[in-house]
Amino acid sequence: MAHYNFGKIEKKWQKVWAKNKHKIWHTAMPGQHLISNPKHYILDMFPYPSGEGLHVGHAEVYTASDIVSRYYRMKGFNVLHPMGWDAFGLPAENYAIKTKTHPREVVKKNVQRFKEQLQSLGLSYDWQREINTTDPEYYKWTQWIFLQLFKKGLAYEAETPVNWCTQDKTVIANEEVADGYCERCGGAVERKNLKQWILKITAYADRLLEDLNGLDWPERVKEMQRNWIGRSEGAIIKFKVPMPTGRQESSKFEVSVFTTRPDTLDGATYVVLAPEHPLVASLLNVKNQSISRRTKIKNIEEVLNYIERSKHRSERERQENKEKTGVELKGVKAINPLNNEELPVWIADYVLLNYGTGAIMAVPQHDERDREFAEKFKLPIINRPLININEVIKKVSGKKIVNYKLRDWVFSRQRYWGEPIPIIKCEKCGNQPVLEEDLPVKLPEVKNYEPTGKAESPLAGIEKWVNVKCLKCGGQAKRETNTMPQWAGSCWYYLAYLRGSQKSKVKSQKLVDPESEKYWLPVDFYIGGVEFAATHLLYARFWHKFLYDIGIVVTKEPFKKLINQGLILGPDGQKMSKSRGNVVNPDDVVKNFGADSLRLYEMFMGPLGDAKSWDPRGIVGSQRFLSRVHGLIGSHAKMKSQISNFKPQINPNDQNSKIEKLLHQTIRKVSEDIENFRFNTAISALMILMNGIEKQPLLEIRNSKLLIKLLFPFAPHLAQELWEKIGSKTLLDYEEWPKWDPNLIKEKTFQLVIQINGRMRDIIVVDIGISQEEAEKISLNREQVKKWLGNQKVKKTIFVKDRLINFIV
RNA sequence: GGGCGAGUGGCGGAAUGGCAGACGCGAUGGACUCAAAAUCCAUUGAUCGCAAGGUCAUGAGGGUUCGACUCCCUCCUCGCCCACCA
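Residues numbered from 1 in each chain as written. Chains lettered and ligands numbered in written order. Predicted model: local features only at pLDDT ≥ 70, side-chain atom pairs only at ≥ 80, totals over all residues. Heavy atoms only, no water.

Chain A is annotated in an unreviewed UniProt entry as Leucine--tRNA ligase. What the UniProt record of chain A gives under Sequence similarities (unreviewed entry) is the line "Belongs to the class-I aminoacyl-tRNA synthetase family." If you open the UniProt record of chain A and go to Subcellular location (unreviewed entry), you find "Cytoplasm". (UniProt positions renumbered as here; feature names shortened; annotations may be inferred.)

As structure tokens, this is what we get:
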């Protein structure tokens, strides 16, 4: 059988769908009457429209959500299934620097290509709701949310470290750092502190943790978020560090450590500070630039060298299990507040400034890392009895606290291509929020997107834009020139779709129409990669909870059910990448095999959530299957007048009744599998049905219709084509999903497995509901059973109803 | 280093406490053909046996159970994420 002309069929129906005057995939706009049907909001993680174009991994998620959307539409649900573009970000900017094109133009081109590619897969999006995070009408509201955060004290400025390329004189992303050097220019990278905007996500830590319990998310994602938030109970204990000059005691010369084990305090044998810890600078007395005279530290050179070295190591490197490094601050001692013992003080870069207090007390007897360190540097390891936690804390005036691994969210980027942070800075009056009526603060045009050589955004160079009047005093002020991170736009985009069409968006004076929000939220199915577990998914939950607090939304959580898709690896089992040369381009696959074959194959490859490698031969199986369906129904459609009168027989032994049963089993299997995102087994069930139908002497039109409907969510073009071929004029989107008859599926008999000592020795067909006595009687009469039992005595019999009987001898 | 997953035929996978290998790919043999492709039919975990049938087998080792791919423990290997890639 030759393959059907998928190219022609697919183009034909894509055209019909695009033009369709009934707007099959459109849902009611804000202000329009909402249908009272039950709803499903089925959301894809929207793509970053990269220059590479659509990836087969995109095709995988989007096909999955498309199947579910089509299924629920046929089940009578009001389905919202939108798509948009997460279009701010680094690659567009880097490309702009290289080619001198405006990122806006790059994004426009890429979006167009992505959209065409998505449409070539036959995905049923409500395109009238399309959004783009770089659209000023869009980022106006991203900025608006920032203003609300600022007004509630949840956005603040503080010094935080960035990767500073010493050659380019610019801040670079983690991704652009390779082994301590800048990936682009090869210059050395060091950590440098910069004043940046920070969002207080830690204020929501407890709620973000608590509310995970109510979410229908994969347990592993919830677990990742729990660990990321990293709640731990412990205490802050202060160690005095006597003034190195030996004169008066000062509160400055003490160090607070966070410990989860205050009960081990008696066994502490040394104290470790992060190299950046402010106490280290104080001890070195750096500000006088006369370190050596006023400090007690005897090994200044060594200490300074170590601090300098740490600057060049990333956080990850510092925590890696290579040899632990550290330097003792010779001459400095910390006093254990419990027993007044003098402890040596070290600096080591495995202690991080931004976790806990940036300082630890080391108890080598109880902590593995401390012991390793102690063994390497020959520090004492002592075993002292544990003391009751409350007693310790009371005795040393410690403070019980809850500590989180979660850190506040650094929200500034020294970049052009992002949302400008809507703040005006006045030297006299401080930070002023831009007035809401002045939003959006639009990105101005710049001549080039190159870094400025100072740690600031290219926006800083546009004087006309930067210089403004202070809103309070009217004096000379400047705009904030940092932009927001790419995550900002994706924190609320599921709400942006509810703003509706371009027309209703422009008209709207609110972030989201309350009616629409009440009806559509929460998102029922949110589908995307597990790699966002601790970033986007946490950031979006944080913003949503904030919007809940200020009365914008009525739900506490944005995404009710989360579904993860796994990576599609190259044929070599490696992650697809240009440099490996193992990238599969979906355009080629669509051209050579058809969109329906691509969709079917990607869903058939394995469980949605698993990583799986692309097998260039595997797709022919999917294509072969579709061609067989096309051949069978297509050829029979010509004779439809003859077969439509065919009457099914009632006789249960008749072929026709068998196929009836298979059909209903398949309807059930496919329905249940779609609802549970198990597409690989759903497709396998369709194949089994097809194999059964092919063996039939005659094809009943009713059976064709059922098969077509079941196939439709997976291979919509072919299904719609065949639907037309058998004489139906409707669009399948409006057809009802088949129901199964439980009576037709019910089995009357089953295969009873007979085991002896747990090993299968015989199998017989018996009636469902057979009693243990009867099963025993029949089994013990079987030749096979007699042979295996011999003259051994049955000690025990295990009977599992409608399944097996096991004789223990 | 930390966190989260996964290991089943030649390959992708199915079975989540009860017949291991559904469905598909590939391979082998056959039909059709001058021939090839396509298609159709049959076989296809390993091993012993003429056969009936047996034994072994789900990364390795142990445990729980009448019974373990499935649950528990130890180990090995691989994948993903780690806060400025998205």
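Let us keep going from here.
Caption draft 1: Molecular detail of the overall build of chain A. Counting its secondary structure elements, chain A contains 30 helices and 29 strands. For chain A, the C-alpha atoms occupy an extent of roughly 105 × 85 × 50 Å along the three principal directions. Surface accessibility of chain A: about 38600 Å² in total, with carbon and sulfur atoms responsible for 50%. Both charge centroids of chain A, one from 123 positive and one from 96 negative side chains, sit 2 Å from each other. (Helix = DSSP H or I, 4+ residues; strand = E, 2+ residues; numbered from the N terminus. Areas by Shrake-Rupley, 256 points an atom, 1.4 Å probe, with all protein chains shown as cover. Lys, Arg positive; Asp, Glu negative; His and termini not counted. Charge placed at Lys NZ, Arg CZ, Asp CG, Glu CD.)

Caption draft 2: Here's a closer look at the packing of aromatic side chains. By the definition in use, this model includes 40 aromatic pairs. With a centroid separation of 6.5 Å and an interplanar angle of 70°, the aromatic rings of Tyr41 and Trp520 are classed as edge-to-face. Here the residue Tyr41 occupies a position in strand 1 (residues 39-44), and Trp520 occupies one in helix 18 (residues 514-520), the gap between them amounting to 479 residues. Residue class for Tyr41 comes out buried when judged on its relative accessible area of 0%. With a centroid separation of 4.9 Å and 70° between ring planes, the pair formed by Phe88 and Trp417 is classed as edge-to-face. Residue Phe88 is found in the loop between strand 3 (84-85) and helix 3 (90-99), and its partner Trp417 is found in the loop between strand 17 (409-410) and strand 18 (423-426); the two are separated by 329 residues along the sequence. What makes Phe88 buried here is its relative accessible area of 2%. The class of Trp417 is buried, set by a relative accessible area of 6%. Feature note: the residues Phe146, Phe150, Trp197, Trp409, Phe411, Trp487, Phe532, Tyr539 and Trp543 constitute an aromatic cluster, connected by ring pairs. (Phe/Tyr/Trp six-rings, centres within 6.5 Å; stacked < 30°, edge-to-face > 60°. Buried < 20%, exposed > 50% of the residue type's maximum accessible area, 1.4 Å probe, protein only.)

Caption draft 3: Here's a closer look at unusual backbone geometry. Residue Leu439 is joined to Pro440 through a cis peptide bond whose omega torsion reads 0°. One can find Pro440 in the loop between strand 19 (430-433) and helix 14 (463-466). In this structure, Pro522 follows Leu521 across a cis peptide bond, with omega equal to -5°. Along the chain, Pro522 falls in the loop between helix 18 and strand 22 (523-529).

Caption draft 4: Seen up close, the sheet that holds strand 17. An order of 6-5-9-17 is seen for the 4 strands of this open sheet, with the pairing classed as antiparallel. For this open sheet the edge positions go to strand 6 (170-172) and strand 17, each flanked by a neighbour on one side alone. As defined by bridge partners, strand 5 (residues 155-165) adjoins strand 6 across 3 bridges and the pair is classed as antiparallel. Along strand 6, the bridge assignment pairs Cys165 with Thr170. Across the face of the sheet, helix 5 (residues 136-151) comes into contact with strand 5 and strand 9 (189-199) while running at roughly 85° to strand 9. (Pairing = 2+ DSSP bridges. Contact = heavy atoms within 4.5 Å. Axes fitted to C-alpha atoms, helices over the stretch in contact; angles between N-to-C directions.)

Caption draft 5: Seen up close, the nonpolar core. Membership of the largest hydrophobic core comes to 174 residues, with the highest contact counts inside it found for Tyr41, Phe146, Leu495, Trp543, Trp614, Phe679 and Phe714. The residues contacting Tyr41, other than those within four sequence positions of it, are Leu80, Pro82, Tyr494, Tyr497, Leu498, Trp520, Leu521, Pro522, Val523, Asp524 and Phe525. Counting 43 residues, the second largest nonpolar core, distinct from the first, contains Phe239, Leu273, Ile307 and Leu338. (Core = buried A, V, L, I, M, F, W, Y, C linked by side-chain atoms within 4.5 Å.)

Caption draft 6: The environment of Glu320, seen in detail. One can find Glu320 in the loop between helix 11 (315-319) and strand 13 (327-335). For the pair Glu320 and Tyr350, spaced 30 residues apart in sequence, the C-alpha separation works out to 8.4 Å.

Caption draft 7: A look at helix 1 (residues 6-19). In this model helix 1 runs 20 Å from its N-terminal to its C-terminal C-alpha over 14 residues, within 8% of the 20 Å that 1.5 Å per residue would give. Three or more residues of helix 1 are buried, namely Phe6, Ile9, Glu10, Trp13 and Trp17. Considered in projection along helix 1, the buried side chains sweep an arc of 95° and stay on one side of the axis. Counted as exposed and oriented over 90 degrees from the buried face of helix 1: Lys8, Lys11, Lys15, Ala18 and Lys19. (Expected span 1.5 Å × (residues − 1). Arc of directions from axis to C-beta.)

Caption draft 8: Layout of the environment of Met83. Relative to the helices and strands, Met83 resides in the loop between strand 2 (78-80) and strand 3. Residue classification places Met83 among the buried residues on the basis of a relative accessible area of 0%. Sequence-wise, Met83 and Asp588 are 505 residues apart; in three dimensions their C-alpha atoms are separated by 23 Å.

Caption draft 9: Spotlight on the packing of helix 20 (residues 586-593) against helix 21 (residues 595-604). It is the contact of helix 20 with helix 21, at a shortest axis distance of 7 Å, that shows an interaxial angle of 115°. Mapping the contact onto sequence places Pro586, Val589, Val590 and Phe593 in helix 20 and Ala595, Ser597 and Leu598 in helix 21.

Caption draft 10: Highlighting the confidence of the model for chain A. Chain-level pLDDT for chain A is 89 on average; 94% of the residues reach the 70-or-more range. Low pLDDT, under 50, characterises residues 640-653; the stretch is placed with 18 contacts to residues that sit more than four places away or in other chains. As a predicted assembly, this complex carries a pTM of 0.93 together with an ipTM value of 0.95. (pLDDT = per-residue confidence, 0-100.)

Caption draft 11: Quick look at the pairing of strand 23 (residues 559-565). Counting buried positions along strand 23 yields 5 of 7 residues, so the element is predominantly enclosed. With 6 bridges joining them, strand 22 and strand 23 adopt parallel strand pairing. Bridged to Phe525 within strand 23 is Lys561. Handedness of the crossover joining strand 22 and strand 23 through helix 19 (residues 536-549): right-handed. (Right-handed = clockwise from strand over helix to strand, strands pointing away.)

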